[in-house]
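# Residue-level structure breakdown
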Amino acid sequence: MVKWSDFERAAIQDIFSKINYDVVGCAALSRCLIVYPWTQRYFGSFGNLYNAAAITSNPKVAAHGKVIMAGLEKAVKNMDDIKTTYKDLSVLHSEKLQVDPDNFNLLADCLTIVVAGQMGAAFTPEVHGAFQKFLAVVVASLRKQYH
């Protein structure tokens, strides 16, 4: 069980209330697919992912970015039990999709960069710390089925 301070809870909720899910989800997934091209192997059905322009304009990438953000929103709403909230997602990614669990960290890093860019000066070191803690719990929850 993760212990959240009042500040951390407020910071996470504030971040998710201010960001544009459509923009952030697409930008984070696009960045991940561009910077770490080996992650593209899980998205073979997405069509043209041959270069940055194709990835950033791909409607399937944008749609999956929204799915990712919806999943994160569930974690925000269930901060006291993210592992249970993500149980089915962990099983899906480990057993059916067979995603390399290290890719969750890569996507989390890309998400942090995009959120920091959107929030600007409001993304203080303290807010950044709370966001990193949140993402670490999300990643650990997604990796749970792999153990």
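In case you missed it, the structure is sitting above this.
Residues numbered from 1 in each chain as written. Predicted model: local features only at pLDDT ≥ 70, side-chain atom pairs only at ≥ 80, totals over all residues. Heavy atoms only, no water.

Looking now at the overall build of the chain. Along the backbone of the chain there are eight helices and zero strands. In the chain, the order of α-helices and β-strands from amino to carboxyl end is α-α-α-α-α-α-α-α. Taken against the 2.2 N^0.38 rule, which gives 15 Å for 147 residues, the C-alpha radius of gyration of the chain at 15 Å falls within 12% of a compact globule. By its C-alpha atoms, the chain is 45 × 35 × 20 Å across when sized along the principal axes. Here the analysis covers contacts within the chain between residues at least 6 apart in sequence; of these, 74% occur between residues at least 24 apart. Just so you have it, the chain exposes about 8,000 Å², and 56% of that area is on carbon and sulfur atoms. The centroid of the 15 positive side-chain charges in the chain is displaced by 5 Å from the centroid of its 13 negative side-chain charges. (Helix = DSSP H or I, 4+ residues; strand = E, 2+ residues; numbered from the N terminus. Rg over C-alpha atoms; globule rule 2.2 N^0.38 Å. Contact = heavy atoms within 4.5 Å. Areas by Shrake-Rupley, 256 points an atom, 1.4 Å probe, with all protein chains shown as cover. Lys, Arg positive; Asp, Glu negative; His and termini not counted. Charge placed at Lys NZ, Arg CZ, Asp CG, Glu CD.)

Attention shifts here to the nonpolar core. Ranked by internal contacts, the top residues of the largest apolar core, which has 41 residues, are Ile15, Phe16, Leu72, Leu111, Val115, Phe131 and Phe134. Every element with two or more residues in this core is listed here: helix 1 (6–18), helix 2 (21–35), helix 4 (59–77), helix 7 (102–119) and helix 8 (125–143). It is helix 8 that contributes the most residues to this core, nine residues altogether. Excluding residues that lie within four positions of it along the chain, Phe16 makes contacts with Tyr21, Met69, Leu72, Val76, Phe131 and Phe134. (Core = buried A, V, L, I, M, F, W, Y, C linked by side-chain atoms within 4.5 Å. Buried < 20%, exposed > 50% of the residue type's maximum accessible area, 1.4 Å probe, protein only.)

Direction vectors running N to C along helix 7 and helix 8 enclose 155°, while the axes themselves pass 10 Å from each other. The angle between helix 7 and helix 8 places the two elements in the roughly antiparallel class. In this structure, helix 7 crosses over helix 8, and the sense of that crossing is right-handed. Between helix 7 and helix 8, the contacting residues are Asp102, Phe104, Asn105, Ala108, Leu111, Thr112 and Val115 on the first element and His128, Phe131, Gln132, Leu135, Val139, Leu142 and Arg143 on the second. (Axes fitted to C-alpha atoms, helices over the stretch in contact; angles between N-to-C directions. Parallel < 35°, antiparallel > 145°, perpendicular 65-115°, else oblique. Left-handed = near helix turned anticlockwise from the far one by under 90°.)

A word on helix 7. With 18 residues, helix 7 should reach 26 Å at 1.5 Å per residue; the first-to-last C-alpha distance of 26 Å fits that figure. Of all the positions in helix 7, only Asn103, Phe104, Leu106, Ala108, Cys110, Leu111, Thr112, Val114, Val115 and Met119 are classed as buried. Of the residues one or two after helix 7, Gly120 is the one with positive phi, at around 60°. (Expected span 1.5 Å × (residues − 1).)

At a closest axis distance of 9 Å, the pairing of helix 1 and helix 8 adopts a crossing angle of 85°. Relative to helix 8, helix 1 is oriented roughly perpendicular. For the pair helix 1 and helix 8, the contacting residues are Phe7, Glu8, Ala11, Ile12, Ile15 and Phe16 in the first and Glu126, Val127, Ala130, Phe131, Lys133 and Phe134 in the second. Considering only residue class, the contact of helix 1 with helix 8 consists of nine nonpolar, no polar and three charged. (Nonpolar A, V, L, I, M, F, W, Y, C, P; charged D, E, K, R; others polar.)

On to the packing of aromatic side chains, then. Per the counting criterion, the structure on display carries seven aromatic pairs. Ring geometry for Phe16 against Phe134: centres 5.6 Å apart, planes inclined by 65°, an arrangement best described as edge-to-face. One end of the pair, Phe16, is in helix 1; the other, Phe134, is in helix 8, and 118 residues separate them in sequence. On the basis of relative accessibility, which here comes to 7%, the residue Phe16 falls in the buried class. Judged by relative accessible area, Phe134 falls into the buried class, the value being 0%. On the numbers, 5.0 Å between centres and 55° between planes, the contact of Phe43 with Phe46 is tilted. An identical accessibility class is assigned to Phe43 and Phe46; each is buried. In this structure an aromatic cluster arises from ring pairing among Trp4, Phe16, Tyr21, Phe123, Phe131 and Phe134. (Phe/Tyr/Trp six-rings, centres within 6.5 Å; stacked < 30°, edge-to-face > 60°.)

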